[in-house]
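Descriptive analysis of the structure
Chain by chain, the residues run as shown.
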Amino acid sequence: MSDTSQPDIALDRRFAQEFPELSIPWSAEEAAAPRLIMLNEPLARLLGLDPADLQSPDGVRLLLGNRVPRGATPVAQAYSGHQFGSYSPRLGDGRALLLGELTDAEGQLWDMHLKGSGRTPFARGGADGKAALGPMLREYVISEAMHALGIPTSRSLAVLATGDVVQREKPLPGAVLTRVAASHLRVGSFQYAHATGGSELVRRLADHAVDRHYPGAANADNACLALFASVVSAQAELVAQWMLIGFVHGVMNTDNMAISGESIDYGPCAFVDAFDPAAVYSSIDQSGRYAYQSQPVVAEWNLARLAETLLPLFDDDADEALALAQEALGAFRCEYSAAWVLGMKAKLGLSPDPDDETSTSVANDVVVLLQAQSLDYTSFFRALNHAARGDAEPVREMALDLEALDAWLDRWRDLAPNAEQMDRENPAYIPRNHLVEEALEAATRGDTAPFHQLLEAVTDPYREREGFVRYALPAPASFGPYQTFCGT
Ligand code: AMP
Ligand code: MG
């Protein structure tokens, strides 16, 4: 259904062509009255796209999937998934589409993907295939903040209002998010391949994942095992970064975990404010399965589900295959712990030396302090930057138990923390839950100014600026306990 008018972009149909078993060609629903709400111009340029073109009526249709770029075959991807521990054999893109793969000027391949583009054959009964404007803007601001914080993530290129009314608890404006990612291969993609096509299909998918994400694994004696070990490392690193920034993904089902090691599928996610390891924000997470502190354990559990799909490819002998899988998965804990300690030392301005036990124990003990005094996670580290420069008052003002804080501060100061390093590691601005809610509510009413302001703060998170004071402050007490909702 492609036409020849400008603008056009070249998209590959690589996944669609290589994996007809894992995808269904499908078209985005025609938007009734499309309107561009957000365009990520720097990202567009990075992708080799002209922002001015994308703002034209034809560009908007392109971003909505209503005009199919040359070479593309949009598909809904199939996947399975363990959702809160129970296996769903057939999930897939119920309201999303892979438009195709785009190659940037550096030769890097990106999936161009839509969310909220209408029902597909994977949509379950009652699901409308749509998305509301608020949640799409939420994914936009959080993914862009994560990127600015140096955390691997899918990126948001645009949000478009469709002109539809989406019925949730109340009628809401409909929207489509146009996003890009290294790929949308999920642990659940391997589960689906394993269940429907057996080892032959899993092998092809593994080869594809190696080629796209871990080309070095192709040279290993056992490429599938090397792929698995690479995913283990990437996830250990990713989840350590989530923990270090205080991020709670909220719905770490196996279908929401990317093989690439990027954060994907932002739903009821949130940022820890008053530090509590048991923090859960999602209304549907009744048991706290995806609580802040559970994320490393859940990631490891999800990786075990990935290993199950790859076992026959690790070795013909089932016992040997299992031993290899256990050994590779066993690396997760060490790699996670090493990444976390290294990251925490960096936040504290300490030397990275893993053999320096004093600094390791100071890094571990900061968590005890944060928890015992329910300190605001982000503000605490930022205030510590001042303490590293000799002014401990901002951090001391936060303390409930000054004696305990002073004792820890003494130990930390003895290690001569590097304040410049801390400035680079501890953001002043993160998408605080109350600010996100405020910005989304205003945008849903038609006022996008607070959203733009928030985006400006969190996409340049380390540089404290005048006029942004409220973006660095904890939520007022009147905000109350925060809860996120999945009905997005
Ligand atoms: P998520 O919780 O966004 O990761 O989605 C889990 C599954 O539900 C995926 O298969 C989605 O495609 C599907 N899904 C979520 N919301 C909708 C919707 N409004 N319409 C159709 N499918 C949906
Ligand atoms: Mg998902």
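Reference entry: report on the structure contained in this document. (Residues numbered from 1 in each chain as written. Chains lettered and ligands numbered in written order. Predicted model: local features only at pLDDT ≥ 70, side-chain atom pairs only at ≥ 80, totals over all residues. Heavy atoms only, no water.)

A separate point is the site of ligand 1. Taken together, 16 residues are adjacent to ligand 1, and Gly92, Gly94, Asp128, Gly129 and Asn256 come closest. A distance of 3.3 Å separates a nitrogen atom of ligand 1 from a polar side-chain atom of arginine 95. For ligand 1, a nitrogen atom lies 3.0 Å from a polar atom in the side chain of aspartate 128. In the complex, the protein chains occlude 82% of the 490 Å² of accessible area that ligand 1 would expose alone. (Near = heavy atom within 4 Å. Polar contact = N/O pair within 3.5 Å; in protein donor to acceptor, adjacent residues only side chain to side chain. Areas by Shrake-Rupley, 256 points an atom, 1.4 Å probe, with all protein chains shown as cover.)

As a further point, take the coordination of the magnesium ion (ligand 2). For the magnesium ion (ligand 2), the full set of protein donor atoms is Asn256 (OD1) and Asp265 (OD), at a range of 2.1 Å. Under the relative-accessibility criterion, aspartate 265 is labelled buried at 10%. (Donors = N, O, S within 2.8 Å, 3.2 Å for Na, K, Ca; no water. Buried < 20%, exposed > 50% of the residue type's maximum accessible area, 1.4 Å probe, protein only.)

With that out of the way, let us pick up helix H8 (residues 295-314). Over its 20 residues, H8 runs 27 Å from end to end, which matches the ideal 28 Å to within 8%, given 1.5 Å per residue. When the local axis directions of H8 are compared, the greatest deviation, roughly 40°, occurs at glutamate 308, which is followed within four positions by the proline proline 312. In terms of burial, H8 is a largely internal element, 15 of the 20 residues being buried. (Helix = DSSP H or I, 4+ residues; strand = E, 2+ residues; numbered from the N terminus. Expected span 1.5 Å × (residues − 1). Bend = angle between axes of the 7 residues up to and from the residue.)

This brings us to the packing of helix H6 (residues 187-213) against helix H7 (residues 223-245). Contact geometry of H6 with H7 gives a least axis separation of 10 Å together with a crossing angle of 85°. Classified by the interaxial angle, the pair formed by H6 and H7 is roughly perpendicular. On the side of H6, the interface is formed by Phe190, Ala206, Ala209 and Val210, while H7 contributes Ala223, Cys224 and Leu227. For the contact of H6 with H7, the class distribution of residues is seven nonpolar, no polar and no charged. (Axes fitted to C-alpha atoms, helices over the stretch in contact; angles between N-to-C directions. Parallel < 35°, antiparallel > 145°, perpendicular 65-115°, else oblique. Contact = heavy atoms within 4.5 Å. Nonpolar A, V, L, I, M, F, W, Y, C, P; charged D, E, K, R; others polar.)

Looking now at the pattern of salt bridges. As enumerated under the stated definition, the model contains 29 salt bridges in all. Among the salt bridges present, the one from aspartate 423 reaches arginine 389, with a minimum N-O distance of 2.6 Å. Of this pair, aspartate 423 sits in helix H14 (residues 419-425) while arginine 389 sits in the loop between helix H11 (377-388) and helix H12 (393-396), placing them 34 residues apart in sequence. Residue arginine 389 is classed as partly exposed on the basis of its relative accessible area, which comes to 47%. By sharing partners, the salt bridges in this structure join Lys115, Glu139, Arg179, Arg186 and Asp265 into a single network. (Salt bridge = Lys/Arg side-chain N within 4 Å of Asp/Glu carboxyl O.)

With that settled, consider the pairing of strand S7 (residues 109-115). Counting buried positions over the seven residues of S7 gives six, a clear majority of the element. Relative to S7, strand S6 (residues 96-103) runs antiparallel, the two being bridged by seven bridges. The residue of S7 that forms the bridge with leucine 97 is leucine 114. Between S6 and S7, which pair antiparallel in sequence order, lie five residues; one of them, glycine 107, sits at a positive phi of approximately 85°. In terms of strand pairing, S7 meets strand S9 (residues 171-181) through five bridges, oriented antiparallel. The partner of methionine 112 across the bridge, within S9, is valine 180. (Pairing = 2+ DSSP bridges.)

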